[in-house]
Amino acid sequence: MTHIDRENLALIAMTEFDLTEPERQHLSECPECSLELIALQHTAHVGRSARSVQLVEPGDRVWAGIHAALGLSDAVAATPGRSGYEAADQSPAAVEPVETPAPVVEPVETPSATVTDIGSALRPLPRRRNWMPMAVAAGIAGLLGGLGGGIWWQSAQQQEPAPVLLAEAQLDPYPGWDATGSAYVAKTADGHREVVLDVTGVSADTDLREVWLIKTDASGLISIGLLDGESGRFAIPDGVDLSQYPLVDVSAEPDDGDPQHSGESILRGELRTA
């Protein structure tokens, strides 16, 4: 199977590209590409929602990694800092003009960054299958944001492998609920499993929303956590056999301290192996 180019997935996640019909069909059939697109969309969402968050400058090793990945020249090897960008952002009108004599001097070459160096960091990367991992792509996205705004996320230092998709489910609403949702099970970098849930139409002013794993004959069920909002990640206890508990259920629970299922399900769907 020929996968979607990872550069194109990153651009789709940032809404710069619309899906073509072949890409749409491929994503509906390929768990690897669909999971990577979800992770990239999450990264883009975090970046867009971070305007009110206080950011910090990363260490030198972050720029060193980006510098090496992009193959930039030694002229831009020094780590760019926030102060440099703030000075560059000052408009000419805000700077007091100073008259100085204009002696004739010999031009001196300095190690400042050239237009070619900066352009190489901004233009799209070559389309190739051997692309850098998703975490490095997130670091480059931080670099591009830093060139425009002067800072990037310290979290770009975190380089973790993408989770492995194990199973997924489409969640259908029960009568009386206008809700939709989906879930997938992923194996994390530390070897544990988690249910990643994304739903709409389940929020309410009263009652709790609880997430369950249930046997197909309803003879057993396991609570894996409470849903806060319309998305969440829930750890699956070690030793739970998902072939025995394949149903993902979201229920409405009264805040009465009773740990049992209320009997009022909002959404439910069966996990199917990816």
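Draft legend 1. Spatial organisation of the overall build of the protein. Per the secondary structure count, the protein includes seven helices and nine strands. The buried share of the protein, reckoned over its 274 residues, is 35%. The contacts of the protein with a sequence gap of at least 6 include a subset with a gap of at least 24, amounting to 60%. Working note: accessible area of the protein is about 17,100 Å², and carbon and sulfur atoms make up 52% of it.

Draft legend 2. Region of interest: the side chain of Glu23. Tracing the backbone through its elements, the reader meets Glu23 in helix H2 (residues 21–29). Overall, the relative accessible area of 16% leaves Glu23 in the buried class. Side-chain polar atoms of Glu23 contact the backbone nitrogen of Thr20, separated by 3.0 Å. Not counting chain neighbours up to four residues away, the residues in contact with Glu23 comprise Ile4, Asn8, Ile12 and Asp18.

Draft legend 3. Quick look at the nonpolar core. Formed by 26 residues in total, the largest nonpolar core has its most connected members in Leu171, Leu197, Leu213, Leu227, Val248 and Leu267. Secondary structure elements with two or more residues in this core: strand S1 (164–173), strand S2 (180–187), strand S3 (193–200), strand S4 (208–214), strand S5 (221–226), strand S7 (247–253) and strand S8 (265–270). Ignoring anything within four residues of it in the chain, the contact list for Leu213 reads Val195, Gly220, Leu221, Ile222, Ile224, Ile236, Val240, Leu242, Tyr245, Leu247 and Val248. Judged by nonpolar contacts, the second largest core, of 10 residues, contains Leu9, Ile12, Leu27 and Cys30.

Draft legend 4. Quick look at the pairing of S5. Alignment of S4 against S5, held across five bridges, turns out to be antiparallel. When the bridges of S5 are listed, Leu213 appears paired with Ile222. Here S4 hands over to S5 after six residues, with Ala218 in that stretch at a positive phi of 60 degrees.

Draft legend 5. Structural context of a negative patch on the surface. A cluster of acidic side chains, namely Asp207, Asp255, Asp256, Asp258 and Glu264, defines a negative patch on the protein surface. Looking at the element boundaries, Asp256 is found in the loop between S7 and S8.

Draft legend 6. Geometry of the environment of Val250. Following the sequence through the fold, Val250 ends up in strand S7. Residue class for Val250 comes out buried when judged on its relative accessible area of 0%. The residues contacting Val250, other than those within four sequence positions of it, are Leu197, Glu210, Leu227, Ser265, Ile266 and Leu267.

Draft legend 7. Molecular detail of the confidence of the model for the protein. Averaged over all residues, the pLDDT of the protein equals 74, while 64% of them reach at least 70. Under a pLDDT of 50 for its full length, residues 91–98 has, in the predicted model, one contact with residues more than four places off or in other chains.

Conventions we followed
- Residues numbered from 1 in each chain as written.
- Predicted model: local features only at pLDDT ≥ 70, side-chain atom pairs only at ≥ 80, totals over all residues.
- Heavy atoms only, no water.
- Helix = DSSP H or I, 4+ residues; strand = E, 2+ residues; numbered from the N terminus.
- Buried < 20%, exposed > 50% of the residue type's maximum accessible area, 1.4 Å probe, protein only.
- Contact = heavy atoms within 4.5 Å.
- Areas by Shrake-Rupley, 256 points an atom, 1.4 Å probe, with all protein chains shown as cover.
- Polar contact = N/O pair within 3.5 Å; in protein donor to acceptor, adjacent residues only side chain to side chain.
- Core = buried A, V, L, I, M, F, W, Y, C linked by side-chain atoms within 4.5 Å.
- Pairing = 2+ DSSP bridges.
- Patch = residues over 30% accessible without salt bridge, like charges linked within 9 Å, V, L, I, M, F, W, Y side chains within 5 Å.
- Salt bridge = Lys/Arg side-chain N within 4 Å of Asp/Glu carboxyl O.
- Lys, Arg positive; Asp, Glu negative; His and termini not counted.
- Charge placed at Lys NZ, Arg CZ, Asp CG, Glu CD.
- pLDDT = per-residue confidence, 0-100.

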